[in-house]
Amino acid sequence: MTKSDVPLEHKTISPPDDADGPHPAVFVFHGRGADETDLLPVAQRFPDELFVVSFRAPDRLQGGYTWYDLDLSAGGLHQSQPDAEEFRRSLDLIDESIDAAVEAYDLDPDRLGLLGFSQGAISTFALLLEHPGRFAWAAGLHGYLPESHADLTPEGIEGTPVFVGAGQQDQIIPPARAENAAIRLSEVGYAVDSNTYDVGHGIGPDELQDLLAWLDDRLA
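Residues numbered from 1 in each chain as written. Predicted model: local features only at pLDDT ≥ 70, side-chain atom pairs only at ≥ 80, totals over all residues. Heavy atoms only, no water.

Undergrad: Mind laying out the side chain of Ser 90, listing which residues take part and the relevant values?
TA: Take Ser 90: it is sitting in helix α2 (residues 84-104). Setting aside its immediate chain neighbours within four residues, Ser 90 contacts Pro 58 and Trp 67. (Helix = DSSP H or I, 4+ residues; strand = E, 2+ residues; numbered from the N terminus. Contact = heavy atoms within 4.5 Å.)

Undergrad: Run through the pattern of salt bridges, naming residues and quoting values.
TA: Tallied over the entire structure, the rule returns nine salt bridges. Put simply, Asp 92 and Arg 88 hold a salt bridge, and the shortest N to O gap is 3.0 Å. Separated by four residues within a single helix, Asp 92 and Arg 88 lie in helix α2, roughly one turn from each other. One salt bridge in this structure joins Arg 134 and Asp 99, with 2.4 Å as the shortest N-O distance. Of the two residues, Arg 134 sits in the loop between α3 (119-130) and β9 (137-141) while Asp 99 sits in helix α2, which places them 35 residues apart along the sequence. Beyond isolated ion pairs, a larger network of salt bridges with shared partners links Arg 88, Asp 92 and Glu 130. (Salt bridge = Lys/Arg side-chain N within 4 Å of Asp/Glu carboxyl O.)

Undergrad: Account for the pairing of strand β3 (residues 51-55), with residues named and values stated.
TA: Across the five residues that make up β3, a large majority, five, are buried. Covered by surrounding structure in β3 are Phe 51, Val 53 and Phe 55 together with Val 52 and Ser 54, the residues of both alternating faces. Pairing analysis gives four bridges linking strand β1 (residues 10-13) to β3, with the strands arranged antiparallel. Looking at the pairing, Thr 12 lines up with Val 53 of β3. The sheet contact formed by strand β2 (residues 23-29) and β3 spans five bridges and is parallel. Paired with Val 28 across the two strands is Ser 54, which belongs to β3. (Buried < 20%, exposed > 50% of the residue type's maximum accessible area, 1.4 Å probe, protein only. Pairing = 2+ DSSP bridges.)

Undergrad: Go over the sheet that holds β3 with me, naming the residues and quoting the values.
TA: An order of β1-β3-β2-β8-β9-β10-β11 is seen for the seven strands of this open sheet, with the pairing classed as mixed. Each edge of the open sheet is held by one strand with a lone partner, namely β1 and β11 (191-197). Averaged over all adjacent pairs, the angle separating strand axes in this sheet is 15°, with direction ignored. With respect to the sheet, α2 is in contact with β2, β3 and β8 (107-117), its orientation differing from that of β8 by roughly 140°. With respect to the sheet, helix α5 (residues 205-219) is in contact with β8, β9, β10 (161-167) and β11, its orientation differing from that of β10 by roughly 180°. (Axes fitted to C-alpha atoms, helices over the stretch in contact; angles between N-to-C directions.)

Undergrad: A description of the environment of Ser 90 should follow, citing residues and the corresponding values.
TA: For Ser 90, a relative accessible area of 2% puts it in the buried group. For the pair Ser 90 and Ala 104, spaced 14 residues apart in sequence, the C-alpha to C-alpha distance is 20 Å. A polar contact of 2.5 Å, which involves the side chain of Ser 90, links it to the backbone oxygen of Trp 67. (Polar contact = N/O pair within 3.5 Å; in protein donor to acceptor, adjacent residues only side chain to side chain.)

Undergrad: So what's going on with the nonpolar core? Residues and values would help.
TA: Ranked by size, the top nonpolar core spans 46 residues in total, and within it Phe 27, Phe 55, Ile 98, Leu 107, Leu 114 and Tyr 190 carry the most contacts. Within the residue set of this core, elements represented by two or more residues are β2, β3, α2, β8, α3, β10 and α4 (175-187). Beyond its immediate sequence surroundings of up to four residues, Phe 27 is in contact with Val 53, Phe 55, Ile 98, Ala 101, Val 102, Leu 107, Leu 112, Gly 113, Leu 114 and Leu 115. In terms of nonpolar packing, the next biggest core, distinct from the first, is built from 22 residues, Val 28, Trp 137, Leu 141 and Leu 211 among them. (Core = buried A, V, L, I, M, F, W, Y, C linked by side-chain atoms within 4.5 Å.)

As far as function goes, none of this settles anything; it's purely spatial.
Spelled out as C-alpha coordinates, the structure:
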(Lines give C-alpha, C1' and ligand atoms only; values in the text may rest on other atoms or scores of the structure.)
Protein backbone atom coordinates (compact mmCIF):
# COMPACT_ATOMS: atom_id res chain seq x y z
CA MET A 1 0.00 0.00 0.00
CA THR A 2 1.26 3.47 -0.89
CA LYS A 3 0.54 7.10 0.03
CA SER A 4 -1.99 7.29 -2.79
CA ASP A 5 -4.03 4.53 -1.14
CA VAL A 6 -4.72 6.70 1.93
CA PRO A 7 -8.26 8.09 1.46
CA LEU A 8 -7.68 11.48 3.10
CA GLU A 9 -5.21 14.00 1.68
CA HIS A 10 -2.36 14.51 4.14
CA LYS A 11 1.12 15.81 4.88
CA THR A 12 3.82 13.85 6.67
CA ILE A 13 6.93 14.58 8.73
CA SER A 14 9.37 11.68 8.85
CA PRO A 15 11.84 11.04 11.67
CA PRO A 16 15.03 12.90 10.71
CA ASP A 17 17.39 9.97 11.15
CA ASP A 18 15.57 7.82 8.58
CA ALA A 19 15.55 4.94 11.04
CA ASP A 20 13.91 1.75 9.96
CA GLY A 21 10.27 1.24 10.98
CA PRO A 22 7.91 0.45 12.33
CA HIS A 23 7.70 4.02 13.65
CA PRO A 24 5.67 5.43 16.52
CA ALA A 25 3.28 7.94 14.99
CA VAL A 26 0.81 10.72 15.61
CA PHE A 27 -2.26 11.46 13.48
CA VAL A 28 -3.16 15.16 13.39
CA PHE A 29 -6.62 16.68 12.81
CA HIS A 30 -7.06 20.39 12.15
CA GLY A 31 -9.98 22.63 13.05
CA ARG A 32 -12.87 23.99 10.98
CA GLY A 33 -11.75 26.13 8.06
CA ALA A 34 -8.07 25.14 8.25
CA ASP A 35 -6.14 22.45 6.41
CA GLU A 36 -3.50 19.76 6.87
CA THR A 37 -0.68 22.31 7.19
CA ASP A 38 -2.27 24.24 10.08
CA LEU A 39 -0.92 22.15 12.98
CA LEU A 40 2.40 21.20 11.40
CA PRO A 41 4.27 23.92 13.35
CA VAL A 42 3.03 22.24 16.54
CA ALA A 43 3.81 18.73 15.32
CA GLN A 44 7.31 19.77 14.22
CA ARG A 45 8.14 20.34 17.88
CA PHE A 46 7.14 16.84 18.88
CA PRO A 47 9.86 14.28 19.70
CA ASP A 48 11.88 13.38 16.62
CA GLU A 49 11.00 9.70 16.89
CA LEU A 50 7.37 10.37 15.92
CA PHE A 51 6.21 9.97 12.34
CA VAL A 52 3.59 12.69 11.78
CA VAL A 53 0.57 12.21 9.52
CA SER A 54 -1.56 15.37 9.30
CA PHE A 55 -4.91 14.79 7.60
CA ARG A 56 -7.04 17.21 5.58
CA ALA A 57 -10.78 17.24 6.28
CA PRO A 58 -12.93 16.07 3.33
CA ASP A 59 -15.15 19.13 2.71
CA ARG A 60 -14.20 22.57 1.45
CA LEU A 61 -15.10 25.58 3.60
CA GLN A 62 -14.15 29.01 2.28
CA GLY A 63 -10.35 28.95 2.08
CA GLY A 64 -9.95 25.71 4.03
CA TYR A 65 -11.71 22.49 4.92
CA THR A 66 -14.13 21.11 7.48
CA TRP A 67 -14.79 17.68 8.93
CA TYR A 68 -18.54 18.28 9.13
CA ASP A 69 -21.21 20.96 9.22
CA LEU A 70 -22.64 22.15 12.53
CA ASP A 71 -25.98 21.19 14.04
CA LEU A 72 -27.16 24.41 15.71
CA SER A 73 -30.60 23.16 16.71
CA ALA A 74 -29.77 23.17 20.43
CA GLY A 75 -29.46 26.95 20.48
CA GLY A 76 -26.46 28.31 18.64
CA LEU A 77 -22.70 27.95 18.34
CA HIS A 78 -21.95 27.36 22.01
CA GLN A 79 -24.38 24.43 22.12
CA SER A 80 -23.55 23.11 18.66
CA GLN A 81 -23.03 19.47 17.83
CA PRO A 82 -21.59 17.77 14.75
CA ASP A 83 -24.01 17.05 11.95
CA ALA A 84 -24.61 13.35 12.65
CA GLU A 85 -24.34 12.01 9.09
CA GLU A 86 -21.29 14.05 8.13
CA PHE A 87 -19.57 13.28 11.44
CA ARG A 88 -20.06 9.55 10.93
CA ARG A 89 -18.70 9.79 7.39
CA SER A 90 -15.59 11.66 8.55
CA LEU A 91 -14.90 9.26 11.42
CA ASP A 92 -15.12 6.34 8.99
CA LEU A 93 -12.79 8.09 6.56
CA ILE A 94 -10.33 8.72 9.39
CA ASP A 95 -10.47 5.06 10.41
CA GLU A 96 -9.77 3.93 6.85
CA SER A 97 -7.00 6.49 6.45
CA ILE A 98 -5.27 5.48 9.68
CA ASP A 99 -5.31 1.82 8.66
CA ALA A 100 -3.92 2.68 5.23
CA ALA A 101 -1.25 5.02 6.62
CA VAL A 102 -0.03 2.41 9.11
CA GLU A 103 0.70 0.09 6.19
CA ALA A 104 1.91 2.70 3.72
CA TYR A 105 4.42 4.34 6.08
CA ASP A 106 5.42 1.29 8.18
CA LEU A 107 3.96 2.65 11.43
CA ASP A 108 3.85 0.76 14.72
CA PRO A 109 0.18 -0.08 15.42
CA ASP A 110 0.94 -0.31 19.15
CA ARG A 111 2.40 3.21 19.35
CA LEU A 112 -0.15 5.46 17.66
CA GLY A 113 -1.22 8.83 19.06
CA LEU A 114 -3.82 11.45 18.15
CA LEU A 115 -3.65 15.26 18.18
CA GLY A 116 -6.70 17.35 17.38
CA PHE A 117 -7.71 20.99 17.63
CA SER A 118 -11.35 22.19 17.76
CA GLN A 119 -13.26 19.96 15.31
CA GLY A 120 -10.15 17.80 15.27
CA ALA A 121 -10.29 17.47 19.06
CA ILE A 122 -13.98 16.53 18.90
CA SER A 123 -13.09 13.84 16.39
CA THR A 124 -10.19 12.72 18.58
CA PHE A 125 -12.42 12.24 21.62
CA ALA A 126 -14.93 10.27 19.52
CA LEU A 127 -12.20 8.02 18.11
CA LEU A 128 -10.89 7.30 21.59
CA LEU A 129 -14.26 6.05 22.75
CA GLU A 130 -14.98 4.10 19.57
CA HIS A 131 -11.60 2.35 19.60
CA PRO A 132 -10.47 1.81 23.21
CA GLY A 133 -7.00 0.36 23.32
CA ARG A 134 -6.15 1.28 19.73
CA PHE A 135 -4.28 4.48 20.55
CA ALA A 136 -1.39 4.80 22.98
CA TRP A 137 -2.18 8.44 23.82
CA ALA A 138 -4.21 11.40 22.61
CA ALA A 139 -4.35 15.18 22.93
CA GLY A 140 -7.52 17.19 22.33
CA LEU A 141 -7.28 20.99 22.37
CA HIS A 142 -10.27 23.33 22.51
CA GLY A 143 -12.87 20.66 21.73
CA TYR A 144 -15.74 18.88 23.42
CA LEU A 145 -17.16 15.37 23.72
CA PRO A 146 -20.01 15.07 21.22
CA GLU A 147 -23.39 13.93 22.53
CA SER A 148 -23.27 10.98 20.14
CA HIS A 149 -20.40 9.52 22.16
CA ALA A 150 -20.93 10.94 25.65
CA ASP A 151 -22.67 7.84 27.03
CA LEU A 152 -20.24 5.26 25.66
CA THR A 153 -18.52 3.18 28.34
CA PRO A 154 -15.96 1.10 26.47
CA GLU A 155 -13.69 -1.49 28.02
CA GLY A 156 -9.97 -1.87 27.39
CA ILE A 157 -8.90 1.70 28.14
CA GLU A 158 -6.51 0.72 30.96
CA GLY A 159 -5.41 4.23 31.86
CA THR A 160 -4.58 5.45 28.35
CA PRO A 161 -3.15 8.99 28.76
CA VAL A 162 -5.11 11.93 27.38
CA PHE A 163 -4.23 15.65 27.39
CA VAL A 164 -7.13 18.12 27.28
CA GLY A 165 -6.54 21.85 26.79
CA ALA A 166 -9.10 24.67 26.92
CA GLY A 167 -9.09 28.45 26.52
CA GLN A 168 -10.53 30.67 29.24
CA GLN A 169 -11.29 33.33 26.62
CA ASP A 170 -12.47 30.89 23.95
CA GLN A 171 -15.54 32.37 22.22
CA ILE A 172 -16.03 29.37 19.91
CA ILE A 173 -15.89 26.41 22.30
CA PRO A 174 -16.38 27.60 25.89
CA PRO A 175 -13.87 26.11 28.34
CA ALA A 176 -16.61 24.29 30.25
CA ARG A 177 -17.22 22.06 27.23
CA ALA A 178 -13.59 20.92 27.15
CA GLU A 179 -13.54 20.57 30.92
CA ASN A 180 -16.65 18.38 30.80
CA ALA A 181 -14.96 16.20 28.19
CA ALA A 182 -12.00 15.76 30.52
CA ILE A 183 -14.30 14.75 33.37
CA ARG A 184 -16.17 12.21 31.28
CA LEU A 185 -13.01 10.68 29.81
CA SER A 186 -11.66 10.32 33.34
CA GLU A 187 -14.87 8.64 34.47
CA VAL A 188 -14.59 5.92 31.83
CA GLY A 189 -10.96 5.16 32.65
CA TYR A 190 -8.62 7.44 30.73
CA ALA A 191 -5.67 9.00 32.59
CA VAL A 192 -6.52 12.63 31.85
CA ASP A 193 -4.33 15.68 32.33
CA SER A 194 -6.29 18.86 31.67
CA ASN A 195 -5.82 22.57 32.05
CA THR A 196 -7.49 25.82 31.04
CA TYR A 197 -5.29 28.58 29.66
CA ASP A 198 -5.76 32.34 29.39
CA VAL A 199 -6.20 32.27 25.61
CA GLY A 200 -9.00 32.35 23.06
CA HIS A 201 -9.67 29.78 20.35
CA GLY A 202 -6.05 28.98 19.64
CA ILE A 203 -3.04 27.21 21.12
CA GLY A 204 -1.11 29.59 23.38
CA PRO A 205 2.58 29.27 24.35
CA ASP A 206 1.87 27.94 27.86
CA GLU A 207 -0.52 25.35 26.47
CA LEU A 208 2.01 24.24 23.87
CA GLN A 209 4.77 24.04 26.46
CA ASP A 210 2.60 21.87 28.72
CA LEU A 211 1.60 19.64 25.81
CA LEU A 212 5.22 19.09 24.76
CA ALA A 213 6.30 18.31 28.33
CA TRP A 214 3.38 15.93 28.75
CA LEU A 215 4.23 14.15 25.52
CA ASP A 216 7.92 13.84 26.44
CA ASP A 217 6.83 12.10 29.64
CA ARG A 218 4.49 9.74 27.77
CA LEU A 219 7.15 8.72 25.25
CA ALA A 220 10.06 8.50 27.70
